[in-house]
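Tertiary structure, described
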Amino acid sequence: MRHLMSPLDFSVEELDKLLDLAHDIELHPEKYAHACDGKKLATLFYEPSTRTRLSFEAAMLNLGGNIFGFSSAASSSASKGESVSDTIRMISCYADICAMRHPKEGAPMVASAVSSIPVINAGDGGHQHPTQTLTDLLTIRSLKGRLDHFTIGLCGDLKFGRTVHSLVRALARYEGVRFIFISPEELKVPEYIKEDVLEAQGIPFREVERIEDVMPELDILYMTRVQKERFFNEEDYVRLKDFYILNNRKMKLAKDDMIVMHPLPRVNEISVEVDKDPRAAYFRQVQYGVYVRMALILTLLEVNVC
Ligand code: NCD
């Protein structure tokens, strides 16, 4: 039985297969409409979510399966002091597969150690968010036609942004990917990612503060929200939250075929005027998230559709 804790749990070849499956689902959804008849997905969300939880649920419903779960720690027995390990032992009796989001780094990993059903990490603290990364990879492959040889700028909260941490690890495995990290000093990408992932493999990266300086070089701009819930004090958050605001004036500096991605939710970091720009890909990204989660559920449940 397989779980998904990190995007690196799949080899590059396995990822290719998963993305191919997601693409086939996009083209022929009817083929998959009953693939999970009678199967149940549990969504165990100890932290707020809109897209991730609902896209998992939409994915399972599109496959003909059923869903149940909780959407906050307060509405589960965690509020009575139940451990994640005890909860998952029980859920294993009710469901065939589960997706878990938790504010503590490593909680889904603890769950997977005692679970008798596949556990999917749907975001653990500031650590990883592998299914957002699968979404991002499918978006890039679908819109740019490849996963290699491009320059990606990641902008905003690179310190606490788990989507960034997972995406950098995943993209580091493809040839010719250059990273430009755009952040204020306080929100720089963690040293362990620079040292263990990028420097260790000789992957080129740069760190800058001004988005305007690098805009013309980018093939992809990946914007992120300042992660309010992971700040220790309100004052720092208020000072940093509007550090970057992408608007039409800045978009003029970019290539005609650059794409703008964002895991969402957006707060102020992308002005709504940019939504009309054909290079804005963040809402299309949401749709790819459903296809890829369908492909992931089929893969982990070992369901083959001919
Ligand atoms: C992200 C997350 O939860 O890390 N959202 C998501 O799942 N699409 C990004 C964020 O909250 O800023």
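Residue positions are given per chain, counting from 1 as you read along its sequence in written order. Local features in a predicted model are, by the rule used here, given only for residues with pLDDT of at least 70; side-chain atom pairs are given and counted only at 80 or more, and totals for whole chains, interfaces and linings are based on all residues. Based on all heavy atoms of the structure, the side-chain values leave hydrogens and waters out of the count.

1. Regarding the overall build of the chain
Only runs of H or I of at least four residues qualify as helices and only runs of E of at least two qualify as strands under DSSP, and these elements are numbered from the N terminus. Along the chain, the regular secondary structure elements total ten helices and nine strands. A compact globule built from 306 residues should have a C-alpha radius of gyration of about 19 Å, and the chain, at 19 Å, falls within 12% of that. Note on exposure labels: buried denotes an accessible area under 20% of the residue type's maximum, exposed denotes more than 50%, and partly exposed covers the range between, all computed with a 1.4 Å probe on protein chains only. A buried classification covers 55% of the 306 residues belonging to the chain. For the area figures, the Shrake-Rupley method with a 1.4 Å probe applies, and any residue is considered shielded solely by the protein chains shown. If you sum the accessible surface of the chain, you get close to 13200 Å²; carbon and sulfur atoms cover 51% of it. Just to be clear, the radius of gyration here is over C-alpha atoms, and the globule rule we use is 2.2 Å times residues to the power 0.38.

2. Quick notes on the pairing of strand S1 (residues 40-45)
Consecutive residues of a regular strand have side chains that alternate between opposite faces of the sheet. Most of S1 is tucked away: five of the six residues are buried. For two strands to pair, DSSP has to find at least two bridges joining them. Looking at chain direction, S1 and strand S2 (residues 66-70) are connected through five bridges and run parallel. Considered in S2, the bridge of Thr 43 is made with Gly 69. In terms of handedness, the path from S1 via helix H2 (residues 51-62) over to S2 forms a crossover that is right-handed. Of the strand pairs in this sheet, S1 and strand S3 (residues 97-102) are connected by five bridges, and their pairing is parallel. What sits directly across from Thr 43, in S3, is Ala 99. By convention a crossover is right-handed if, when the strands point away from the viewer, the path from the first strand over the helix to the second runs clockwise.

3. A short note on the sheet that holds strand S4 (residues 119-124)
Backbone-to-backbone hydrogen bonds pair the strands of a sheet. The strands run either parallel or antiparallel. One open sheet accounts for four strands, arranged S2-S1-S3-S4; its pairing is parallel. Pairing within the sheet leaves two strands with one partner each, and these edge strands are S2 and S4. Direction aside, the axes of adjacent strands within the sheet are offset by 15 degrees on average. Every axis corresponds to a line fitted to the C-alpha atoms, with the helix fit spanning only the stretch in contact, and the corresponding angles, defined between N-to-C directions, vary from 0 to 180 degrees.

4. Some thoughts on the packing of helix H1 (residues 12-27) against helix H10 (residues 282-300)
If you want to describe how two helices pack, look at the angle between their axes and the distance between the axes. As a packed pair, H1 and H10 sit with axes 8 Å apart at the nearest point and diverge in direction by 120 degrees. In terms of axis orientation, H1 runs oblique to H10. Of the two elements, H1 crosses H10, and the hand of that crossing is right-handed. The residues of H10 that touch H1, namely those facing Leu 18, Leu 19, Leu 21, Ala 22, Ile 25 and Glu 26, are Tyr 288, Tyr 291, Val 292, Met 294, Ala 295, Leu 296, Leu 298 and Thr 299. Split by residue class, the contact of H1 with H10 holds twelve nonpolar, one polar and one charged. To sort the angles, those under 35 degrees are grouped as roughly parallel, those over 145 as roughly antiparallel, those from 65 to 115 as roughly perpendicular, and the leftovers as oblique. A crossing counts as left-handed when the near helix is turned anticlockwise from the far one by less than a right angle, and as right-handed when that turn is clockwise. When checking whether two residues touch, look at their non-hydrogen atoms; a contact exists if any pair is within 4.5 Å. Just so you know the grouping, Ala, Val, Leu, Ile, Met, Phe, Trp, Tyr, Cys and Pro go in nonpolar, Asp, Glu, Lys and Arg go in charged, and all remaining residues, Gly too, go in polar.

5. Some points on the pattern of salt bridges
A side chain with one charge can pair with a side chain of the opposite charge if their charged atoms come near. What counts as a salt bridge is simple: a side-chain nitrogen of Lys or Arg found within 4 Å of a carboxyl oxygen of Asp or Glu. This model, assessed by the stated rule, comprises 21 salt bridges. Here Asp 20 ties to Arg 141 by a salt bridge, and the two come within 2.9 Å at their closest N and O atoms. With Asp 20 in helix H1 and Arg 141 in helix H5 (residues 130-144), this pair connects stretches of sequence that are 121 residues apart. On the accessibility criterion, Asp 20 (43% relative accessible area) is partly exposed. Here Glu 185 and Lys 188 are joined by a salt bridge, their closest N and O atoms 3.7 Å apart. You can call Glu 185 exposed: its relative accessible area is 54%. Through salt bridges with shared partners, a single ionic network connects Glu 47, Arg 162 and Arg 230.

6. Details of the side chain of Thr 163
Relative to the assigned elements, Thr 163 resides in helix H6 (residues 162-171). You can call Thr 163 buried: its relative accessible area is 9%.

7. A look at the site of the ligand
Residues are counted as near a molecule or strand when any one of their heavy atoms sits within 4 Å of it. Near the ligand, the surroundings consist of Thr 52, Arg 101, His 129, Gln 132, Arg 162, Thr 163, Arg 225, Gln 227, Pro 263, Leu 264 and Pro 265. Residues adjacent in sequence count toward polar contacts only when both atoms are side-chain atoms; beyond that, a polar contact is any pair of N or O atoms within 3.5 Å, and within protein one must be able to donate a hydrogen and the other to accept it. A distance of 2.8 Å separates an oxygen atom of the ligand from a polar atom in the side chain of Arg 162. Gln 227 places a polar side-chain atom, nitrogen or oxygen, 2.8 Å from an oxygen atom of the ligand. Taken by itself the ligand offers 320 Å² of open surface, and the protein chains cover 94% of this.

8. What about the environment of Arg 279?
Looking at the element boundaries, Arg 279 is found in the loop between strand S9 (259-261) and H10. With relative accessibility at 13%, the residue Arg 279 sits in the buried group. Between the alpha carbons of Arg 279 and Lys 241 there is a distance of 24 Å; along the sequence they are 38 residues apart. Aside from chain neighbours lying at most four places away, what touches Arg 279 is Met 251, Ala 254, Lys 255, Asp 256, Met 258, Ile 259, Val 260 and Arg 284. A distance of 3.4 Å separates a polar atom in the side chain of Arg 279 from the backbone oxygen of Ala 254.

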